[in-house]
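Chain by chain, the residues:
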Amino acid sequence: MAGDEEERTSDQSSQGPPQPEMDTLVPSHEDRYRNGAASHSPTTPTSGISQMSHVYYEDPEETTCGWGPFSPGCCQFFANPKAILFFLSWLAFTQGMVVNGFVNVVITTIEKRFSLQSSDTGLIASCYDIASVLCLVVVSYLGGTGRKPRWLGCGAIIMGLGSLVFALPHFLTAPYQYESIGMQSTCDISANSTDMCMNDDKLLSNFKYLHMLGQLLHGIGATPLYTLGVTYLDENVKASYSSVYLGVFYGLSLIGPAAGYLMGSQFLGFFTELTSTDITPDHPLWVGAWWVGFLLAAIMSWAVAIPILGYPKSLPGSLRHRMMRESEVHAGATNTKANDPEFGRSLKDLPRSILYLLKNPTFMFLNLAGATEGTLLTGFSTFGPKFLESQFGLSASSASMLMGFVVVPGAGGGAILGGILVNRLKLKCVGIIRYCLGFSLVGLLGCFVFLLRCDNVPFAGVNTAYMGLNQTSYSLTTTCNTDCHCSRDRYDPVCGNDNTVYFSPCHAGCEDLTTLSGSKVYANCSCIAPDPFGNVTTAIPGKCTPECAYLQPLFLGVLFIIIISMFLLSIPSLTATLRCVPDTQKSLAVGIQWILVRVLGTIPGPILFGAIIDQTCILWQEKCSEQGSCYQYENADLSKWMLIPAIIYKFLSTMWFALALFSYKPPKSPYSPNDVDSGVADEEVEVKVTTL
């Protein structure tokens, strides 16, 4: 104790006049940090425990779990990095499950249910990132110097509210009646064509604004998670373990979307009204229970908010980890005021903080690489199920499940493995960027998988002529069904025995409806070509199946390689970002990175891909004289317009990583390579917690 008193007395004498007794016993956080930084100055000897041993003090008020004055002793059991990793991973899992899982799974379903176009649903998906951009600077800057878990807990509450709002349209609309949308009767010459249009149909598309509001709340609530949550983990563990913790954190956040795909596909297997019906999930008019997953996500978000709100500003022992870190800041940023521990604690320092980061070329090139990766990731994840549906003739639930099977091992495994590889290979910042460059090249080669495609099944009046007609322009109404008075509003596709799709039984000229082995069969169809034996022409409900099922496993296999290569570099790229900026700017750096990634990548990504996909549509819904969702895409154009942006953005990503590598200048370390983390034992820095 005498030695402790002598050191405290020495500290006080060097800092000015004597302070009150409480300040004497417990130095301020700034003083403790300044004393610690001084012990690592270039003039400090680096050999021998006696020369490196110093005592630092942590304030118990800043390291004790609790909710205000309520701080039960049992809660202190959770005041460790593994526990907070569990709760933050839970929240990240929930965020990924709802935003990147459920939302992407239900895209085609809400298009059908609320008569939306792909450009509408692309904007809905982008609202999440728009809200994040608007909040990121304030949250990352102010939250970076405050109690981070409070920001994280409040964000979890807001995110749960967003999930509830997203599901509200289901409860605010009338029950879904597929009969009024398309269960077309057979050809009836005596009937008159009556297009069914009700006021409720015109209002359905307005519910997209509630979906947008829900996504905006998701974005606001998740903003602290990937800025403050990342830095809170990084500053509370040893530098050598940081990539492992971040790998687990991001791995579970990426398993979340996979779980969202798998669970969402199961929910879509139930009818949206949770009642029995006479159509199956394979029917084009089927709408699954898209809203159930969002209620589950709201409950999970609110449940994890409670323990996170109770965490302290820093965990016990975190000061020791900060003192033991070796600087890997880009050399151009080491001689700035940003290295001052007191810098960045007020808003007046914000402009200079941003300027210092913008002048860091390695940091900026890593941001641009993340933006291009984000464009592809959001585009693929949002419209990937739609691509599978169109190319391989799958139902919405089947396409979502297959995407989940690809995303589960690719995204989650890639993120966790990426963090482990950086740790096992003991990569420095330069090695990490080389690693990212290599896997970016792998992803670039994999993008050529979009050259694979299925030819469209013939669709009478859309991409092929009706039987016996030599049409230069296609029309759904022709001589064989003119007298049937078919409605253009009623979409109920059938597959004829000539392997051609018809808009409805009426458009196929079918006069009779029978039941064969429990299944509906339309017969005596005047627009369907008879077989060579002169049998009765028939049609069955639903679209015809494309004859290219053999391409599906190959496509999914290469898609898995693309996804795992993207996520194998995601955590190392973030680790390189954290290492190339000063400690005082890490929270702001992550915030700025996420702003740039969103503004340049994840916001325009879904909008861009949605607009591109809309251009490949060859048959639009027409409801109440307005254009609704797309019924049929041209597969050749769809593949081409998925390939072109994939190649362009992957090439740009590779280029940015190469420039980041060439621009990085490692600092001149005052220690030998064996002095930090490996050669300097943890015992050389002693941390004592004072009690008042």
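Residues numbered from 1 in each chain as written. Predicted model: local features only at pLDDT ≥ 70, side-chain atom pairs only at ≥ 80, totals over all residues. Heavy atoms only, no water.

*Asks:* What is the right way to read the overall build of the protein from this model?
*Replies:* Looking only at helices and strands, one finds 24 helices and nine strands in the protein. Out of the 692 residues belonging to the protein, those deemed buried represent 56%. (Helix = DSSP H or I, 4+ residues; strand = E, 2+ residues; numbered from the N terminus. Buried < 20%, exposed > 50% of the residue type's maximum accessible area, 1.4 Å probe, protein only.)

*Asks:* Even after reading the chapter, I still don't get the side chain of S400, so can you show me in this structure?
*Replies:* Structurally, S400 can be placed in helix α18 (residues 396–424). What makes S400 buried here is its relative accessible area of 1%. Reaching out from S400, the side chain makes a polar contact with the backbone oxygen of A396 at a distance of 2.9 Å. Apart from the residues within four sequence positions on either side, S400 is in contact with V105, Y261, S265, L268 and P385. (Polar contact = N/O pair within 3.5 Å; in protein donor to acceptor, adjacent residues only side chain to side chain. Contact = heavy atoms within 4.5 Å.)

*Asks:* How should I be thinking about the packing of helix α8 (residues 148–172) against helix α12 (residues 228–235) in this particular structure?
*Replies:* Between two packed helices, the angle of one axis relative to the other and the distance separating the axes together describe the packing. The contact between α8 and α12 brings their axes to 10 Å, and the two run at 145°. Considering only the axes of α8 and α12, their crossing is left-handed. Note on element contacts: α12 touches α8 through L228, G229, T231, Y232 and E235, opposite K148, P149, W151 and L152. For the contact of α8 with α12, a count of residues per class yields five nonpolar, two polar and two charged. (Axes fitted to C-alpha atoms, helices over the stretch in contact; angles between N-to-C directions. Left-handed = near helix turned anticlockwise from the far one by under 90°. Nonpolar A, V, L, I, M, F, W, Y, C, P; charged D, E, K, R; others polar.)

*Asks:* Would you explain the pattern of salt bridges in this entry?
*Replies:* Oppositely charged side chains can form a pair if their charged atoms are brought close together. Across all of its chains, the model carries five salt bridges by this definition. Between K208 and D120 there is a salt bridge whose closest N-O contact spans 3.6 Å. Of this pair, K208 sits in helix α11 (residues 208–222) while D120 sits in helix α7 (residues 118–144), and the two are 88 residues apart along the sequence. Of the two residues, K208 and D120, both sit in the buried class. Put simply, D455 and R453 hold a salt bridge, and the shortest N to O gap is 2.7 Å. (Salt bridge = Lys/Arg side-chain N within 4 Å of Asp/Glu carboxyl O.)

*Asks:* What is the right way to read the state of the cysteines from this model?
*Replies:* As used in these notes, a disulfide is a covalent bond between sulfur atoms, one from each of two cysteines. A full pass over the atoms with the stated rule returns six disulfides. Each disulfide pairs two cysteine sulfurs, and for C510 the partner residue is C525, the sulfurs being separated by 2.0 Å. For the disulfide bridge between C510 and C525, the dihedral angle about the S-S bond is near 100°, and by the sign convention the bridge is right-handed. Of this pair, C510 sits in strand β4 (residues 510–516) while C525 sits in strand β5 (residues 519–525); the two residues are 15 residues apart in sequence, bridging distant segments of the chain. (Disulfide = S-S within 2.5 Å.)

*Asks:* What is the right way to read the nonpolar core from this model?
*Replies:* Most often, soluble globular proteins have nonpolar side chains that are buried together. One finds F249, Y250, W290, F294, F450 and F555 to be the most contacted residues of the largest nonpolar core, which totals 108 residues. With 13 residues, the single largest contributor to this core is helix α5 (residues 81–105). The residues touching W290, leaving out its near neighbours within four places in the chain, are V106, T109, I110, F114, F166, A167, P169, H170, H211, L268 and T272. Counting 29 residues, the second largest nonpolar core, distinct from the first, contains L350, F363, L366 and L568. (Core = buried A, V, L, I, M, F, W, Y, C linked by side-chain atoms within 4.5 Å.)

*Asks:* What am I meant to see in the environment of S140 here?
*Replies:* With respect to the helices, strands and loops of the structure, S140 is situated in helix α7. Taking the relative accessible area as the measure of exposure, S140 reaches 1% and is therefore buried. Along the primary structure S140 and T223 are separated by 83 residues, whereas in three dimensions their C-alpha atoms are 8.3 Å apart. Discounting residues that sit within four places of it in the chain, S140 has contacts with T227, L228, S587, L588 and G591.

*Asks:* So what exactly am I meant to see when it comes to α12 here?
*Replies:* Working note: α-helix, 3.6 residues per turn, so residues spaced by three or four point in the same direction. In terms of burial, α12 is largely enclosed, as eight of its eight residues are buried. Taken together, the buried positions of α12 are occupied by L228, G229, V230, T231, Y232, L233, D234 and E235.

*Asks:* How do you make sense of the sheet that holds β4 when you look at a structure like this?
*Replies:* Strand pairing in a sheet relies on backbone hydrogen bonds, with the paired strands running either antiparallel or parallel. Reading across the sheet, the five strands line up as β3-β2-β6-β5-β4 and stay open at both edges, with antiparallel pairing between neighbours. Strands with a single pairing partner mark the edges of an open sheet, and in this sheet they are β3 (501–502) and β4. Two elements, β5 and strand β6 (residues 538–541), share two bridges in a ladder whose sense is antiparallel. Counted as the bridge partner of A523 is T538 from β6. (Pairing = 2+ DSSP bridges.)

*Asks:* I'm lost on the packing of helix α17 (residues 361–392) against α18 in this one. Help?
*Replies:* Look at α17 against α18: their axes get within 8 Å of each other, and the N-to-C directions meet at 125°. With respect to their mutual orientation, α17 and α18 come out oblique. The way α17 lies across α18 gives a crossing that is right-handed. Note on element contacts: α18 touches α17 through A396, A399, S400, L402 and M403, opposite F380, G384, P385, L388 and E389. (Parallel < 35°, antiparallel > 145°, perpendicular 65-115°, else oblique.)

*Asks:* So what exactly am I meant to see when it comes to helix α20 (residues 551–568) here?
*Replies:* For α20, built from 18 residues, the straight-helix expectation of 26 Å at 1.5 Å per residue is met to within 8% by its first-to-last C-alpha distance of 26 Å. Every buried residue belonging to α20 is among L551, Q552, F555, L556, L559, I562, I563, I564, S565, M566, F567 and L568, and all of these are buried. (Expected span 1.5 Å × (residues − 1).)

*Asks:* Hey, could you run me through unusual backbone geometry in this one?
*Replies:* As a rule of thumb, non-glycine residues mostly have phi less than zero, and peptide bonds are mostly trans rather than cis. The backbone of S115 sits at a positive phi, close to 55°, despite the residue not being glycine. Checked against the element boundaries, S115 lands in the loop between α6 (107–114) and α7.

*Asks:* Looking at this structure, how should I read a nonpolar patch on the surface?
*Replies:* Where nonpolar side chains cluster on the molecular surface, the patch consists of I157, L161, L164 and W302 and spans about 330 Å² of accessible area. With three residues, α8 is the single largest residue contributor to the nonpolar patch. By secondary structure assignment, the location of I157 is in helix α8. (Patch = residues over 30% accessible without salt bridge, like charges linked within 9 Å, V, L, I, M, F, W, Y side chains within 5 Å. Areas by Shrake-Rupley, 256 points an atom, 1.4 Å probe, with all protein chains shown as cover.)

*Asks:* Looking at this model, I keep getting lost on the pairing of β5. Mind explaining?
*Replies:* Where a strand is regular, its side chains alternate between the two sheet faces. Note that β4 and β5 share six bridges and pair antiparallel. By the bridge assignment, C510 is partnered in β5 with C525. Taken together, β4 and the strand that follows it, β5, pair antiparallel across an intervening segment of two residues, in which S517 is found at a positive phi of about 55°.

*Asks:* Where do I start with the side chain of N481 in this structure?
*Replies:* Relative to the assigned elements, N481 resides in the loop between α19 (429–446) and β2 (494–496). A residue is classified by how much of its surface remains accessible, and N481, at 2% relative accessible area, is buried. Reaching out from N481, the side chain makes a polar contact with the side chain of Y466 at a distance of 3.5 Å. Once residues lying within four places of it in the same chain are set aside, the contact partners of N481 are Y466, L476, C486, C506, H507 and C527.

*Asks:* Looking at this model, I keep getting lost on the packing of aromatic side chains. Mind explaining?
*Replies:* By convention here, two paired aromatic rings are described through the distance between centres and the angle between planes. For the structure on display, the rule yields 26 aromatic pairs. When the centroid spacing of 6.1 Å and the interplanar angle of 65° are considered together, the rings of F86 and W90 count as edge-to-face. Within this pair, F86 and its partner W90 are both found in helix α5, separated by four residues, close to a single helical turn. Judged by its relative accessible area of 28%, W90 falls in the partly exposed class. Ring pairing ties together the aromatic residues F102, F114, F166, F207, F267, W290 and F294, which thus form one cluster. Over the aromatic face of F114 sits the side chain of R113, whose NZ or CZ is 5.4 Å from the ring centroid. (Phe/Tyr/Trp six-rings, centres within 6.5 Å; stacked < 30°, edge-to-face > 60°. Lys NZ or Arg CZ within 6 Å of the ring centre and 35° of its normal.)

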